[in-house]
Amino acid sequence: MATVRSPTTEGRPYGVQLSTTMSLDPTVQSPQTLADVYGLLSERGGAVKIIAGGTDLMVLMNAHMLDAAEFLDIWRVDELRGITDEGDALRIGALTTYTQLIKSELIQQHAPSLVAASRTIGAIQIQNRGTIGGNIVNASPAGDSLPVLAAYDAEVEIGSARGTRTVAFNQFYTGYRRSVLEPDELVLAVRVPKLKESERDFFWKVGTRRAQAISKTVMAAKAQISDGRISSISIGVGSVAPTVVRAPKTEHLLTGAQLTATLMEEARQIIAQEITPITDLRSTEHYRRTVTGNVLLKFLRQLSS
Amino acid sequence: MQDDDKMNEKGSGLSRRTFLKVSGISLSVPLVMGHRVIKVSGAEVKVFGPGKVPIQLTINGKNLSAQVEPRVTLLDALRNELDLTGAKRVCDRATCGSCTVIIDGKAVYACAVLAIEAQGKSITTVEGLMQGENLHPVQQAFIDNDAQQCGFCTPGFVVACKAFLDKNPNPTPEQVKKGLGGNLCRCGTYMGVRAAVAQAAQKGGRRNG
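Let me sum up the structure you'll find in this document. (Residues numbered from 1 in each chain as written. Chains lettered and ligands numbered in written order. Predicted model: local features only at pLDDT ≥ 70, side-chain atom pairs only at ≥ 80, totals over all residues. Heavy atoms only, no water.)

With that settled, the discussion passes to the layout of surface pockets. As a volume, the second largest pocket reaches approximately 1,200 Å³. Around the second largest pocket sit 39 residues that line it, and R119 and I124 of chain A together with K177, K178 and G179 of chain B are the ones nearest its centre. Those elements that place two or more of their residues in the lining of the second largest pocket are helix 3 (98-103), helix 5 (112-120), helix 6 (124-127) and strand 11 (199-206) of chain A together with strand 7 (106-109), helix 5 (154-167), helix 6 (173-179) and helix 7 (190-203) of chain B. Taken together, the residues of the lining of the second largest pocket break down into 16 nonpolar, 13 polar and 10 charged. (1 Å grid on protein atoms, 1.4 Å probe; cavity = no way out; pocket = protein on both sides within 12 Å on 5 of 7 lines; lining within 4 Å. Points joined across faces, edges and corners; volume = space filled by probe spheres on them. Helix = DSSP H or I, 4+ residues; strand = E, 2+ residues; numbered from the N terminus. Nonpolar A, V, L, I, M, F, W, Y, C, P; charged D, E, K, R; others polar.)

Written as structure tokens, this is what we have:
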């Protein structure tokens, strides 16, 4: 492959291997309407890489680790922005940034964990550009907004020239960095059911530092308590499996149970066994199992107080 | 065309010619506004590249032109094409904050924004903070509080502080810590930076714009 020398190909981060097949001079398509995006995707779906705020993709691109000859930049498609109240749920446009989520009164009121999660993502500069749709489609198991969407049983609205469809967030991923999205499809929005008055929610991220850290383990949960019993609970966890996951065994153990110290201890152990973390550069499997159990304990203690 | 040849040589990606052949998307009149236009189901869509395209950026109130490949980041366009080297290229992976600029009132990493994407927006770099011969209150506060050591992170910090104070004129210490979490200083001058923000907030960090 021809080596194209330019200031941006030199001085790449050390240790980074140049992809041998990537284009050093990709094209960028900049549609402004959803109809145009659909048109481009139905023509070029398999070949184009969709880029939104760029907080994940630009990092890879600068490091020459992104294999794409064509980019489809959707940043100017305003139809993908905005948060709307749909009664039982909030519809959040795919291009809604973390800053917009943090500032939204609707989100603050009806999905407080999503505000908490957004605050932990990168730092201000990332929150100003990063989008919730990007977090979903990037499909990282460490995406910090994703455990919230899992715990809240959110739905993903997907569109293409063929029409729109809705997929439960908890069925959106099919494996590590893989999802049900077809090549000609685009995530339009995510629909997050509102937290009920009787429900309590929780978000906790464990990273190396407060800002700019990628999670070692990250949990979002919500639960309903009546007469000292957990009538319902949902727990979403990130960075502990190939995708963001729910913890069904732990949820099963806790549902309908009296919140005692023994139960909490049992739940701590069950979730530590249930998840399937790996050891990588950010943390070890042992640490992730132990700390995830402890984070759940923190939520259960909050519930019992 | 030279660009087509270059693309074909690599044997990867699609040349402009084959792209059109394969896709059936028709090319309309090339425009001189930094992009071509293709028709998708009757509507026109801008396509930038391959090869260099002319761009126009509004930086510190001035309209500046350059020729860049579509993949070029705003940071590299500023530094390599427009001689605005205040924003520094350190990590080039949206982490360290040295390249912080303000786009439409929001602090962003210039290394994570495409230059073509920044067209039509109001961009402020550290070069645009001074008013004539007077330093911006944030810049003065950095000097008064020894908020730099080697100084390499300083321009990014100054811009991030300005954007932060514009949004939070009277911040609490905790807000300052969180608000500036997107900038790193390897010399560890954070205490000085916090003191500078406190001073600039008192003097009205937003006064000069």
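This part covers the packing of aromatic side chains. Residues and elements named next belong to chain A. Throughout the structure, instances matching the rule amount to 4 aromatic pairs over all chains. Consider the rings of F172 and Y173, whose centres lie 5.1 Å apart with planes at 80°: the pair is edge-to-face. Accessibility classification places F172 together with Y173 in one group, the buried group. Linked through ring pairs, F169, F172 and Y173 together constitute an aromatic cluster. It is K216 that lies over the ring of Y287; its NZ or CZ is 5.6 Å from the centre. (Phe/Tyr/Trp six-rings, centres within 6.5 Å; stacked < 30°, edge-to-face > 60°. Buried < 20%, exposed > 50% of the residue type's maximum accessible area, 1.4 Å probe, protein only. Lys NZ or Arg CZ within 6 Å of the ring centre and 35° of its normal.)

Time to look at the side chain of E157 of chain A. All names here are of chain A. By secondary structure assignment, the location of E157 is in strand 6 (residues 155-160). Judged by its relative accessible area of 12%, E157 falls in the buried class. Engagement of the side chain of E157 in a polar contact is seen with the side chain of R191, the distance being 2.9 Å. Setting aside residues up to four positions removed in sequence, E157 forms contacts with R91, R165, T166, L186, V187, L188, A189 and R191. (Polar contact = N/O pair within 3.5 Å; in protein donor to acceptor, adjacent residues only side chain to side chain. Contact = heavy atoms within 4.5 Å.)

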